[in-house]
Amino acid sequence: MTQSTVQLAIETTSGAGEICLGAGGEILAVRTLPQVRRHNVELVPTLDELFNELQLPRASLTHAYISLGPGSFTGLRIGVATAKILAATLGVKIAGVPTLDALTPNVSAAFTHAVVCLNAKRGTTYAAVFQRTGETFADCREITPRGVYEIEALLASAPPGAAVLGEVIGQKYSEAASRCGLTLLPEAQARVRSEVVYHLGQAAAAAGRLTEAAALAPIYGREPEAVRLWQKR
């Protein structure tokens, strides 16, 4: 395969990491990391294999689009560190993509409102409420600002008929959602896809919303669990 320039998307906010390579608007390949929650071991070798399979020179990589979180503490750090290394060694330009934005397009166009949740723990979640403004949730606006909310209070305040999308929300809060007139979407739909990160990152880069490597940082949304446990001890 001959491509003058290629771009990379990195999604490591969840247990099953994923990367994709593209050229302009075309996705060339998508690869899920072989082992769950082993981003530190799998990310760079998987990227190397992908370049070899596509017979692409490393110097052809011009941009890295990174899913910024919230999500896995270790996964976020590995993804961000890899983007920084690519910038330092290959001069790659970086565009960050908040993970909520990458997850929102997974909501069905049958809904006009959606509560999109990440990083649920101890009865709280990092979330925002969105209203669809186009034919799909790829076009939407934020009507409740993103932040950490008590899950039951968030559901109670959501517009009736809204969809609720979140990896662990359904297991514990299905009754509360039903009581509020909300529809819980299947957990399988809460998977962040690297192709979406790619297209959102590409749009950000085209609009000039690039981030210097030194300033690139994950969106934790809340104090990392490791810090909380350290302080408790």
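Just so you know, these numbers come straight off a predicted model, no measurement behind them.

*Asks:* What is the right way to look at the overall build of the protein in this model?
*Replies:* Along the backbone of the protein there are seven helices and 10 strands. For 233 residues, the compact-globule estimate of 2.2 N^0.38 gives 17 Å, and the C-alpha radius of gyration of the protein, at 18 Å, lies within 12% of that figure. Expressed as lengths along the three principal axes of its C-alpha atoms, the size of the protein is roughly 55 × 50 × 30 Å. For the protein, with 233 residues in total, the buried portion stands at 44%. The long-range fraction of contacts in the protein, counting pairs at least 24 apart against all pairs at least 6 apart in sequence, stands at 61%. Just so you have it, the protein exposes about 11,100 Å², and 52% of that area is on carbon and sulfur atoms. Within the protein, one finds 21 positive and 20 negative side-chain charges whose respective centroids are separated by 6 Å.

*Asks:* Mind showing me how you'd approach the packing of helix H1 (residues 39-54) against helix H2 (residues 73-90) here?
*Replies:* The angle between the axes and the distance between the axes are what describe a pair of packed helices. Taken N-terminus to C-terminus, the directions of H1 and H2 make an angle of 35 degrees; their axes are 10 Å apart at the nearest point. Seen from above, H1 lies across H2 with right-handed handedness. Between H1 and H2, the residues in contact are His39, Asn40, Leu43, Val44 and Leu47 and Gly75, Ile78, Gly79, Thr82 and Leu86, respectively. Considering only residue class, the contact of H1 with H2 consists of five nonpolar, five polar and no charged.

*Asks:* Quick question: what am I supposed to make of the pairing of strand E6 (residues 113-121) here?
*Replies:* Side-chain positions along a regular strand alternate between the two faces of the sheet. Judged from the seven bridges that link them, E6 and strand E7 (residues 124-132) form a sheet pairing that is antiparallel. Within E7, the residue paired with Ala114 across the bridge is Phe130. The turn linking E6 back onto E7 is made up of two residues, and Arg122 within it adopts a positive phi angle of 50 degrees. Sheet analysis places E6 next to strand E9 (residues 163-165), joined by three bridges and oriented parallel. If you follow Val115 over to E9, its bridge partner there is Val164.

*Asks:* Just checking my understanding: could you explain the state of the cysteines for this structure?
*Replies:* Working definition of a disulfide: a covalent bond connecting the sulfur atoms of two cysteines. For the structure on display, the rule yields zero disulfides. Take Cys140: it sits in no disulfide, and the sulfur closest to it among the cysteines is that of Cys117, at 14 Å. Overall, Cys140 belongs to the partly exposed group, its relative accessible area being 28%.

*Asks:* I'm lost on the sheet that holds strand E1 (residues 6-11) in this one. Help?
*Replies:* Paired through backbone hydrogen bonds, the strands of a sheet run either parallel or antiparallel to each other. The sheet built from five strands is open, its strands ordered E3-E2-E1-E4-E5 with mixed pairing. Strands with a single pairing partner mark the edges of an open sheet, and in this sheet they are strand E3 (26-32) and strand E5 (93-97). Each neighbouring strand pair of the sheet contributes to a mean axis angle of 20 degrees, computed without reference to strand direction. Docked against the sheet, H2 engages E1, strand E4 (61-67) and E5, running at close to 165 degrees with respect to E4.

*Asks:* Would you explain the environment of Val107 in this entry?
*Replies:* Checked against the element boundaries, Val107 lands in the loop between helix H3 (99-103) and E6. Look at Val107 and you get buried, because its relative accessible area is 4%. Taking the C-alpha atoms as reference points, Val107 and Pro45, 62 residues apart in sequence, are found 32 Å from one another. Among residues more than four places away in sequence, those in contact with Val107 are Ala114, Val116, Phe137, Ala163, Leu165 and Leu185.

Criteria and thresholds
Residues numbered from 1 in each chain as written. Predicted model: local features only at pLDDT ≥ 70, side-chain atom pairs only at ≥ 80, totals over all residues. Heavy atoms only, no water. Helix = DSSP H or I, 4+ residues; strand = E, 2+ residues; numbered from the N terminus. Rg over C-alpha atoms; globule rule 2.2 N^0.38 Å. Buried < 20%, exposed > 50% of the residue type's maximum accessible area, 1.4 Å probe, protein only. Contact = heavy atoms within 4.5 Å. Areas by Shrake-Rupley, 256 points an atom, 1.4 Å probe, with all protein chains shown as cover. Lys, Arg positive; Asp, Glu negative; His and termini not counted. Charge placed at Lys NZ, Arg CZ, Asp CG, Glu CD. Axes fitted to C-alpha atoms, helices over the stretch in contact; angles between N-to-C directions. Left-handed = near helix turned anticlockwise from the far one by under 90°. Nonpolar A, V, L, I, M, F, W, Y, C, P; charged D, E, K, R; others polar. Pairing = 2+ DSSP bridges. Disulfide = S-S within 2.5 Å.

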